[in-house]
Amino acid sequence: MVPSPHPSISTPSPSPILPHLPHSITILLLLYHISSMTIVDRSMEVRPANSTKLGAAACEKDAEKLEFIEEMTVNADKVQEKVLAEILGQNAETEYLQRYKLGGATDRKTFKSKIPMVTYEDLRPEIQRIANGDRSAILSAHPISEFLTRCCYSITWLNLILREKLTYALRCIYWLPMWFLNGLRYVAGLDKGKGLYFLFVKSESKTPGGLPARPVLTSYYKSHHFRARPFDPYNVYTSPTPAILCADAFQSMYSQMICGLLDRLAVLRVGAVFASGLLRAIRFLQLHWQEFAHDIATGTLSSMVTDAAVRDAVAEVLKPDPGLAEFIVSECAAGDWAGIITRIWPNTKYLDVIVTGAMAQYIPTLEYYSGGLPMTCTMYASSECYFGLNLRPMCKPREVSYTIMPNMAYFEFLPHDSAAATASGPPPQLVDLADVEVGKEYELVITTYAGLYRYRVGDILHVTGFHNAAPQFRFVRRKNVLLSIESDKTDEAELQRAVERATELLKPWGATVVEYTSQADTRAIPGHYVIYWELLVKEGEGGRWPGKEVLEACCLEMEEAMNTVYRQSRAADGSIGPLEIRVVRGGTFEELMDYAIARGASINQYKVPRCVTFPPIIELLDSRVVEAHFSPATPKWTPRRNY
């Protein structure tokens, strides 16, 4: 299915009481939701043996910020205790907490014994009341003023966010990574150039009760804090603000790209929210480079851009430059797109995109287009909450781990092996932040300042270590199953591994999978998995289109990578048919995104669904198929003995 909008809630809150600290520290405190928090003597804390260390700060101001992170992570458990008490105290009179008879208690023991773990479906009635206009203190003590929409593929979510805390957090989302990269000397000189970021908004809607509903980043970009932001040398963008705020995705992309081309030598970093967004921008350049060259040569903006504010903003920087136009033609006309990012923006130091989780499959394509530039994943966040930081921002994408900041929310963790038993068995024992074990997987459960209590986020995390007493996690996947024909259950991570294994067979041909999705086709008996692939062939490097035998081998390789239940169903039971790969023509997944955006999805938050069930989407994909191949044999399967 294409993504549907998912409302979350924004509420105003009073400014936290902060100590008298430098302005930069105050911002950091606001980001982390600290309200008169007491810092205990960290000399009394014991650091885990596998705790990581941060590098030296570049200056005294950066050292103060670094010290704050150290204080929070050294005292993780005490900070968590304080955060829970603050959340329960400020929301004590809400209908939800009154229902469970906390009696004003703010301690962990009472909280854990009385408040149940919940999913979105459990909260749907309360959230619907808020959407319909009920202004009473249902979940949050503060009145609800805005809904923040979120992308997903099956249900509608409402996530509670305090407006003021959200606004400051989002300001720091753009400020903090630059400080972390430059202040800790990971990347020097970021204040000497600009960032080419492809940032977008979407149109707003209203809930039945009259509250605005829009994506979280749209809310921030349209806020006074973004539109009237003070000059910050670490966050200077090539894209003018009117281009970012343009609701027409084509006009916004066109104007942001041409401004990036005009200022190409000043660009030090290139990015988007997700890796898929950056690849969409490169695809846009491939389709429209001739128009860009014409506009730059003549100093006139294409008539396809009609937004008056955008045209005025671009006119300030667009002057006739025949030399630059000739350069763009020389780089793009030959059709060799390898390293195009560093060829057009030669001073780029890194890519700033999310490439963890489902985005990991874009890494090879980004490496191809960037010439192997580093990719930074600086933070872990969602519409529900800001979770943590990557304290090693220049590590390889597949090594990214996020350190949970204990002052963002109250965190608990459901051991993943017990998650399946929650529906029928006794309530599971949730693990506190400081008590998780390295090597184990957990589902994230949060309690937030804005009114989510013991809420299952649905993210599966793997504990990789600790920074001081704060655990570090690798994002594994969303917990939902993607494909199932009979008793088989294939999730996103397993499908991703299968695609990666099959992609290895394409490397000798100079080909790779640009994008993919899937469906469980049950129109025939037995049903079978269908995988849609869009391929990229590196013709400039001697690549050629893989033949029938290669793609059939890819089908079988994917089946060999599946779990034992799937392979048994194929090899022994015959209850699942051969896996099929349908290769679609280039640009198909861009059409899929356009379709989703036309139906209300946010371009900033859009992710290609790894499984599709919506008939119009399946019809679109099938109409773009150029060839189809089936697994030529059954995968290996050996019965397991029960001991």
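The structure presented is a predicted model; accordingly, all values stated were derived computationally and were not measured.

Turning our eyes to something else, we now look at the sheet that holds strand E7 (residues 267-274). What the 4 strands build is an open sheet, ordered E4-E7-E8-E9; its pairing is parallel. Each edge of the open sheet is held by one strand with a lone partner, namely strand E4 (194-198) and strand E9 (375-376). As defined by bridge partners, strand E8 (residues 350-354) adjoins E9 across 2 bridges and the pair is classed as parallel. Bridging across to E9, Asp352 finds its partner in Thr376. Contacting E4, E7 and E8, helix H12 (residues 275-298) runs over the sheet at an angle of about 120 degrees to E7.

Taking 1.5 Å of rise per residue, 12 residues should cover 16 Å, and helix H18 (residues 492-503) covers 16 Å from first to last C-alpha, within 8% of that figure. Counting buried positions along H18 gives 9 out of 12 residues, so the element sits mostly inside the fold. Three or more residues of H18 are buried, namely Glu492, Ala493, Glu494, Leu495, Gln496, Ala498, Val499, Ala502 and Thr503. Taking the backbone nitrogen of Ala493 as reference, a side-chain oxygen 3.2 Å away marks Asp491 as the first, capping residue of H18.

What follows deals with empty space enclosed by the protein. Enumeration over the complete set of coordinates arrives at 5 cavities of 30 Å³ or more. For the largest cavity, the calculated volume is near 80 Å³. Forming the boundary of the largest cavity are 13 residues, of which Phe200, Ala272, Gly277, Ile603 and Asn604 lie nearest the centre. Elements supplying a minimum of two residues to the lining of the largest cavity: E7 and H12. Looking at the lining of the largest cavity, its residues break down into 9 nonpolar, 3 polar and 1 charged. Counting the residues that make up the lining of the largest cavity, at least three belong to each of domain 1 (163-200 + 218-402) and domain 2 (481-630).

Right, let's get into the pairing of strand E6 (residues 212-215). In this sheet, E6 lies alongside strand E5 (residues 205-206) in antiparallel orientation, the contact comprising 2 bridges. Among the inter-strand pairings, Ser205 is bridged to a residue of E6, identified as Ala213. The antiparallel pairing of E5 with E6 creates a hairpin that spans 5 residues between the two strands, and Gly210 there sits at a positive phi of about 90 degrees.

Within the secondary structure, Ala598 is located in helix H21 (residues 588-598). The spacing of Ala598 and Ala249 is 349 residues in sequence and 9.8 Å in space, taken between C-alpha atoms.

Moving on, we get to the packing of aromatic side chains. Applying the stated rule across the entire model yields 20 aromatic pairs. Measuring from centroid to centroid gives 6.1 Å for Phe413 and Tyr442, while their planes differ by 75 degrees, and the two rings are edge-to-face. With a gap of 29 residues between them, Phe413 in strand E13 (residues 410-415) and Tyr442 in strand E15 (residues 441-447) connect regions that are remote in the sequence. Both residues of the pair, Phe413 and Tyr442, belong to the buried class. Each ring, one from Tyr529 and one from Tyr566, has its centre 5.0 Å from the other, and the planes form 45 degrees; the classification is tilted. Separated by 37 residues along the polypeptide, Tyr529 in strand E21 (residues 528-537) and Tyr566 in helix H20 (residues 564-573) bring together distant segments of the chain. Tyr566 carries the same exposure label as Tyr529, and that label is buried. Following the ring pairs from residue to residue traces out a cluster consisting of Tyr380, Phe387, Tyr402, Phe411 and Phe475. Just above the ring of Phe226 sits the side chain of Arg229; from NZ or CZ to the centre is 4.0 Å. The aromatic ring of Phe327 is capped on one face by Arg264, whose charged end is 3.9 Å from the ring centroid.

So, about helix H11 (residues 249-262). Along its 14 residues, H11 runs 20 Å from first to last C-alpha, staying within 8% of the 20 Å computed at 1.5 Å per residue. Within H11, 11 of the 14 residues are buried, which leaves it mostly tucked inside the rest of the structure. Three or more residues of H11 are buried, namely Gln251, Ser252, Met253, Tyr254, Ser255, Gln256, Met257, Ile258, Cys259, Gly260 and Leu261. Structurally, the start of H11 carries an N-cap: the backbone nitrogen of Phe250 is 3.1 Å from a side-chain oxygen of Asp248.

This brings us to the sheet that holds E21. The 4 strands are arranged E20-E21-E22-E23 in an open sheet whose pairing can be described as mixed. Two strands close off the open sheet at either side, each with one partner strand: strand E20 (511-521) and strand E23 (625-630). Geometrically, the sheet is characterised by an average inter-axis angle of 25 degrees between neighbouring strands, direction not taken into account. As defined by bridge partners, E21 adjoins strand E22 (residues 580-584) across 5 bridges and the pair is classed as parallel. Each bridged residue has a counterpart across the sheet, and for Ile531 the counterpart in E22 is Ile581.

A word on the environment of Lys112. Note that Lys112 resides in helix H5 (residues 108-114). By relative accessible area, Lys112 is classed as partly exposed at 27%. Sequence separation between Lys112 and Gln429 is 317 residues, and the spatial gap between their C-alpha atoms is 9.4 Å. Setting aside residues up to four positions removed in sequence, Lys112 forms contacts with Tyr410, Glu412, Leu430, Asp432 and Arg454. A distance of 2.7 Å separates polar atoms of two side chains, one belonging to Lys112 and the other to Glu412.

With respect to the helices, strands and loops of the structure, Asp491 is situated in strand E19 (residues 490-491). A polar atom in the side chain of Asp491 sits 3.2 Å from the backbone nitrogen of Ala493.

Attention shifts here to the state of the cysteines. Evaluated as defined, the whole model comprises 0 disulfides. Distance from the sulfur of Cys554, which forms no disulfide, to the nearest cysteine sulfur (Cys555) is 7.1 Å. Cys554 gets classed as buried once you look at its relative accessible area, which sits at 0%. Here Cys555 falls in the buried class, since its relative accessible area comes to 0%.

Our focus in this paragraph is the nonpolar core. It is characteristic of soluble globular proteins that their nonpolar side chains tend to be buried jointly. Judged by nonpolar contacts, the single largest core of 132 residues is most densely connected at Leu285, Phe411 and Phe413. With 11 residues, H12 is the single largest residue contributor to this core. Built from parts of two domains, this core gets at least three residues from each of domain 1 (163-200 + 218-402) and domain 2 (481-630). In contact with Leu285, other than residues within four places in its own chain, are Met257, Leu261, Phe292, Trp337, Ile340, Ile344 and Trp345.

Further remarks concern the packing of H18 against helix H19 (residues 548-560). Put simply, H18 and H19 touch, their axes get as near as 8 Å, and they point 140 degrees apart. By the angle between their axes, H18 is oblique relative to H19. The two elements H18 and H19 cross, and the hand of that crossing is right-handed. Contacts between H18 and H19 involve Leu495, Ala498, Val499, Arg501 and Ala502 from the former and Cys554, Glu557, Met558 and Glu560 from the latter.

Rules used in this analysis
Residues numbered from 1 in each chain as written. Predicted model: local features only at pLDDT ≥ 70, side-chain atom pairs only at ≥ 80, totals over all residues. Heavy atoms only, no water. Pairing = 2+ DSSP bridges. Helix = DSSP H or I, 4+ residues; strand = E, 2+ residues; numbered from the N terminus. Contact = heavy atoms within 4.5 Å. Axes fitted to C-alpha atoms, helices over the stretch in contact; angles between N-to-C directions. Expected span 1.5 Å × (residues − 1). Buried < 20%, exposed > 50% of the residue type's maximum accessible area, 1.4 Å probe, protein only. Polar contact = N/O pair within 3.5 Å; in protein donor to acceptor, adjacent residues only side chain to side chain. 1 Å grid on protein atoms, 1.4 Å probe; cavity = no way out; pocket = protein on both sides within 12 Å on 5 of 7 lines; lining within 4 Å. Points joined across faces, edges and corners; volume = space filled by probe spheres on them. Nonpolar A, V, L, I, M, F, W, Y, C, P; charged D, E, K, R; others polar. Domains from an automatic or database assignment. Phe/Tyr/Trp six-rings, centres within 6.5 Å; stacked < 30°, edge-to-face > 60°. Lys NZ or Arg CZ within 6 Å of the ring centre and 35° of its normal. Disulfide = S-S within 2.5 Å. Core = buried A, V, L, I, M, F, W, Y, C linked by side-chain atoms within 4.5 Å. Parallel < 35°, antiparallel > 145°, perpendicular 65-115°, else oblique. Left-handed = near helix turned anticlockwise from the far one by under 90°.

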